Amino acid sequence: MKISGFQQLFSASSHSTRSFTLTAGDHVLGRVLKLFPKQTALLKLNGMTMVGKLEAPLIVRQNYWFQVTSTEGELPHLKMISPIKQGSELVESLVQELRIEVNKESKKWLSNLVEQGHALTKEKVNSLGNILAKESLTEQTKEILTYMLKLRLPLSKEVFDALKNVMGSSSFSKELQAIKEYNPNSGLGKVIDSIFFQSSGAQNEPFKKTFVNWLQATNHNEKAYQMLQHLNLFPKSKREEDVLSVASRLFTLQQSEVKAVFLAKVQESFREGFDMVRQLSQEVYEQAGEYEAFSNAWKAIDQYSNSEVIKQLMGVQRLTAFFHAFGLSQEGGGALLNLLASEVKSVDDAGIREKMELLISRITGFQLLSQANGPLSNFYMEVPLLVGKQWRDVSIQWSGQRQENQGVNPNYCHILFYVNLEALQDVVISVNIQNRIITLQIINQYADLLKESGEKFTKSLVKKLEELDYQLSGVSYRPLKQESSIEKKMSTSSYSYRGGVDFLI
């Protein structure tokens, strides 16, 4: 789901033309569809239809293996190396030509690769064979190797392991937490801390900091308390002693215990701690006879907090720290990866050392999946997200126009969020942005139920996006299912030749 599913969704929504790149030494499958005058012919190479100039006689409706001999000049040159006998496996003649030993199962899979349009060389087949000597040919293995070929990644075991770890079922957030707990005060622990801080969101962050500062003061802290009043947490008519007195009665505590108990709750779970603050604030406002003032104050607090969350969710700023920590930033970075690599050798605990090695491989996988392709940039990462009181892993993939700083243009991009939740299970949110106009698609097996509940929030979403100068075009819901073929085979029945040559053969 994390790799192939995302790519299917990207491909299904992409309107760009299919690219076709050949390098010298590649072996490609071709079929002659039609002959034209002046030694030209319509061919199908790697699943794409194009015109070639023939330098040797070829037979219509015959499959051939071609080798790319040169890509220099205006036209690539292909050399016909052997025809493929009717009914034989596609790679049988190629394997014989290249003198490669491949077992029956691998040969069948290579035939499928060729049918999908992947160019093969002796070196590629040998590299694939070296990986398969250490890995079973499972569906996941096939998927990863196919993806490596598609992205033209090095066909090495290290690259394979990195992508395998990205696709693995282990929890990224739990691995980070375990490593942080091993040595929380180290540089690595602090970087992981910052990652979790970024992930928890900025909701109520200004109020949290001010409230914590007040709680940490052992004696009366008039300045901190006045700041709380200024933020409308408590009415200006109530003194600090009054608030502590209300809190002690409300939560059956000694007045001297109030701050310590609140602080512990805040440190354990700020959501729960801040609910207590709201309850206390309401009681103090009611005692002051200012219930309407309480409602207005907290409405403003919630509005401010929620708009901050949306800004960070929809904007590039929220993810800047993750790009830098994972080394996906064009300005460098990779703090997390560098610290993991430098500290892993000095760790005595074998379990923690294994987790660190897996994380190194996993983050390397993020980097491999984050590539620039001409005017487009693609980024892939996983980040921890606080859902209720539990940390969940969210996979995020961006694809969009590259800006001058080589980042993704937030006004023209496609973003996919994937998370597995306890009740809803797999949830994919697809965000398409074109000229600041957003089309949102929510994909889940309970799409109909989500639509019923989700429509209640559409007006609020439209309003919040307008505050950010974005426009919501629409929200759609559809079931999550395995995509079949994402590219239809090109029809050739109505093709008419208008001149021009793509290849010399």
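Predicted model, so just to flag it, every value in this text is computed and none were measured.

1. Quick notes on the overall build of the protein
A tally of regular secondary structure across the protein gives 19 helices and 13 strands. Within the protein, the proportion of its 505 residues that are buried is 44%. Intrachain contacts of the protein at a sequence separation of at least 6 include 57% that bridge at least 24 residues. Summing over all exposed atoms, the protein offers an accessible surface of approximately 27100 Å²; the carbon and sulfur share of this is 49%.

2. A few points about the confidence of the model for the protein
With 75% of its residues at a pLDDT of at least 70, the protein reaches an overall mean of 75. Here helix α1 (residues 4–13) is the element of the protein with the lowest mean pLDDT, 43, and strand β12 (residues 471–478) is the one with the highest, 92. In the predicted structure, residues 304–317 sits below a pLDDT of 50 and forms 23 contacts with residues beyond four places in sequence or in another chain. Between residues 482–495, whose pLDDT stays under 50, and residues either more than four places distant or in other chains, the model counts 15 contacts.

3. Remarks on the pairing of strand β4 (residues 63–70)
Across five bridges, the pairing between strand β1 (residues 27–36) and β4 is antiparallel. Opposite L29, over in β4, you have W65 as the bridge partner. Inspection of the sheet shows β4 paired to strand β5 (residues 77–83) by six bridges, in the antiparallel sense. For V68, the partnering residue across the bridge sits in β5 and is L78.

4. A closer look at the pattern of salt bridges
Applying the stated criterion across every chain yields a total of nine salt bridges. The salt bridge involving K142 is made with E139; its shortest N-O contact spans 3.3 Å. Taken as a pair, K142 and E139 lie in helix α5 (residues 139–150) at a separation of three residues, close to a single helical turn. Overall, E139 belongs to the exposed group, its relative accessible area being 59%. The partner of R436 in a salt bridge is D469, and the shortest N-O contact between them spans 3.7 Å. You can see R436 sitting in the loop between β10 (425–434) and β11 (437–444) and its partner D469 sitting in the loop between α19 (458–467) and β12, a full 33 residues away along the chain. Here R436 falls in the partly exposed class, since its relative accessible area comes to 24%. Of the residues examined, D469 reaches a relative accessible area of 55% and is grouped as exposed. Taken together, the shared-partner salt bridges in this structure form one network comprising E135, K157, D161 and K164.

5. A closer look at the packing of aromatic side chains
In the structure shown here, the tally under the stated rule is seven aromatic pairs. Centroid distance Y285 to F294: 5.9 Å. Interplanar angle 55 degrees. Geometry classified as tilted. Taken together, F172, F366 and Y380 form an aromatic cluster joined through their ring pairs. Between R436 and the ring centre of Y470, over which it is positioned, the NZ or CZ distance is 4.0 Å.

6. Observations concerning the pairing of strand β9 (residues 408–421)
Most of β9 is tucked away, with 12 of its 14 residues classed as buried. Sheet topology places strand β8 (residues 390–402) next to β9; eight bridges connect them, and they run antiparallel. In the strand pairing of β9, V394 is matched with V419. Sheet topology note: the β9/β10 ladder contains 10 bridges and is antiparallel. When the sheet's bridge partners are listed, F417 is paired in β10 with I429.

7. A few points about the nonpolar core
By size, the foremost hydrophobic cluster in this structure holds 74 residues, and its most contacted members are M148, F326, L336 and L340. Examining the composition of this core, we find that eight residues originate from one element, helix α17 (residues 350–369), more than from any other.

8. Some remarks on the packing of helix α3 (residues 104–115) against helix α4 (residues 122–132)
Two numbers describe how α3 lies on α4: the axes approach to 12 Å, and their chain directions differ by 130 degrees. Classified by the interaxial angle, the pair formed by α3 and α4 is oblique. Crossing of α3 against α4: the hand is right-handed. Where α3 abuts α4, its residues S106, W109, L110 and L113 lie against V125, L128 and L132. Broken down by class, the residue content of the contact of α3 with α4 amounts to six nonpolar, one polar and no charged.

Procedures and definitions
Residues numbered from 1 in each chain as written. Predicted model: local features only at pLDDT ≥ 70, side-chain atom pairs only at ≥ 80, totals over all residues. Heavy atoms only, no water. Helix = DSSP H or I, 4+ residues; strand = E, 2+ residues; numbered from the N terminus. Buried < 20%, exposed > 50% of the residue type's maximum accessible area, 1.4 Å probe, protein only. Contact = heavy atoms within 4.5 Å. Areas by Shrake-Rupley, 256 points an atom, 1.4 Å probe, with all protein chains shown as cover. pLDDT = per-residue confidence, 0-100. Pairing = 2+ DSSP bridges. Salt bridge = Lys/Arg side-chain N within 4 Å of Asp/Glu carboxyl O. Phe/Tyr/Trp six-rings, centres within 6.5 Å; stacked < 30°, edge-to-face > 60°. Lys NZ or Arg CZ within 6 Å of the ring centre and 35° of its normal. Core = buried A, V, L, I, M, F, W, Y, C linked by side-chain atoms within 4.5 Å. Axes fitted to C-alpha atoms, helices over the stretch in contact; angles between N-to-C directions. Parallel < 35°, antiparallel > 145°, perpendicular 65-115°, else oblique. Left-handed = near helix turned anticlockwise from the far one by under 90°. Nonpolar A, V, L, I, M, F, W, Y, C, P; charged D, E, K, R; others polar.

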